[in-house]
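Reading the structure
Here's the letter readout for the chains.
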Amino acid sequence: MANIKSAKKRILVNRTKAERNKAIKSGVKTAMKKVYAAIEANDKEAATVALLNATSTIDKAATKGVYHKNNASRKVSRLAKAVNQMA
């Protein structure tokens, strides 16, 4: 356990940021699952709406620094590709 005041504060701040990042990542995963669920159900309209929502969520996560911009871009690209390949 840290003895120095600044080290104690860092521990608290890091814990808070980790919880925030975990919540944002969880939201991204949920949004992605909704897109894939709509694709599995073969519902093009629902997949398109879910894709827009997921894209927004992923972009916000990248803006906040939770995901690297290339990682976020790759996720969006794969989702869009999956939706566009629907019959």
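Residues numbered from 1 in each chain as written. Predicted model: local features only at pLDDT ≥ 70, side-chain atom pairs only at ≥ 80, totals over all residues. Heavy atoms only, no water.

**Looking at the overall build of the chain**
Helices and strands together make up the secondary structure of the chain, namely 3 helices and 0 strands. Start at the N end of the chain and walk to the C end: the helices and strands fall as α-α-α. In terms of overall dimensions, the chain is more spread out than a globule: its C-alpha atoms have a radius of gyration of 17 Å, far above the 12 Å expected for 87 residues. Taking the principal axes of its C-alpha atoms as reference, the chain extends roughly 60 × 20 × 15 Å. For the chain, buried positions account for 25% of its 87 residues. Summed over its atoms, the accessible surface of the chain is roughly 6,400 Å², and 54% of this surface lies on carbon and sulfur atoms. In the chain, the 20 positive side-chain charges and the 5 negative ones have mean positions that sit 18 Å from each other. (Helix = DSSP H or I, 4+ residues; strand = E, 2+ residues; numbered from the N terminus. Rg over C-alpha atoms; globule rule 2.2 N^0.38 Å. Buried < 20%, exposed > 50% of the residue type's maximum accessible area, 1.4 Å probe, protein only. Areas by Shrake-Rupley, 256 points an atom, 1.4 Å probe, with all protein chains shown as cover. Lys, Arg positive; Asp, Glu negative; His and termini not counted. Charge placed at Lys NZ, Arg CZ, Asp CG, Glu CD.)

**As for a positive patch on the surface**
Judged by side-chain charge, Lys5, Lys9, Arg10, Lys17, Arg20, Lys60 and Lys64 come together as a positively charged surface patch. When residues in the positive patch are grouped by element, the largest group, 5 residues, is from helix α1 (residues 5-40). Along the polypeptide, Arg10 turns up in helix α1. (Patch = residues over 30% accessible without salt bridge, like charges linked within 9 Å, V, L, I, M, F, W, Y side chains within 5 Å. Salt bridge = Lys/Arg side-chain N within 4 Å of Asp/Glu carboxyl O.)

**Examining the environment of Lys64**
By secondary structure assignment, the location of Lys64 is in the loop between α2 (44-63) and α3 (69-84). Each C-alpha atom of the pair Lys64 and Ile11 lies 20 Å from the other, and the pair is 53 residues apart in sequence. Residues within four places of Lys64 in sequence aside, it is in contact with Arg20 and Ile24. (Contact = heavy atoms within 4.5 Å.)

**Describing α2**
Relative to the 28 Å expected for 20 residues at 1.5 Å per residue, α2 spans 28 Å between its end C-alpha atoms, a close match to the ideal helical length. Those residues of α2 lying buried are Ala47, Ala50, Leu51, Ala54, Ile58 and Ala61. Buried residues of α2, viewed axially, fall in a sector of 115 degrees; they line one side. Facing away from the buried side of α2 by over 90 degrees, the exposed positions are Glu45, Val49, Leu52, Lys60 and Thr63. Backbone geometry just downstream of α2 places Gly65 in the positive-phi region, at approximately 85 degrees. (Expected span 1.5 Å × (residues − 1). Arc of directions from axis to C-beta.)

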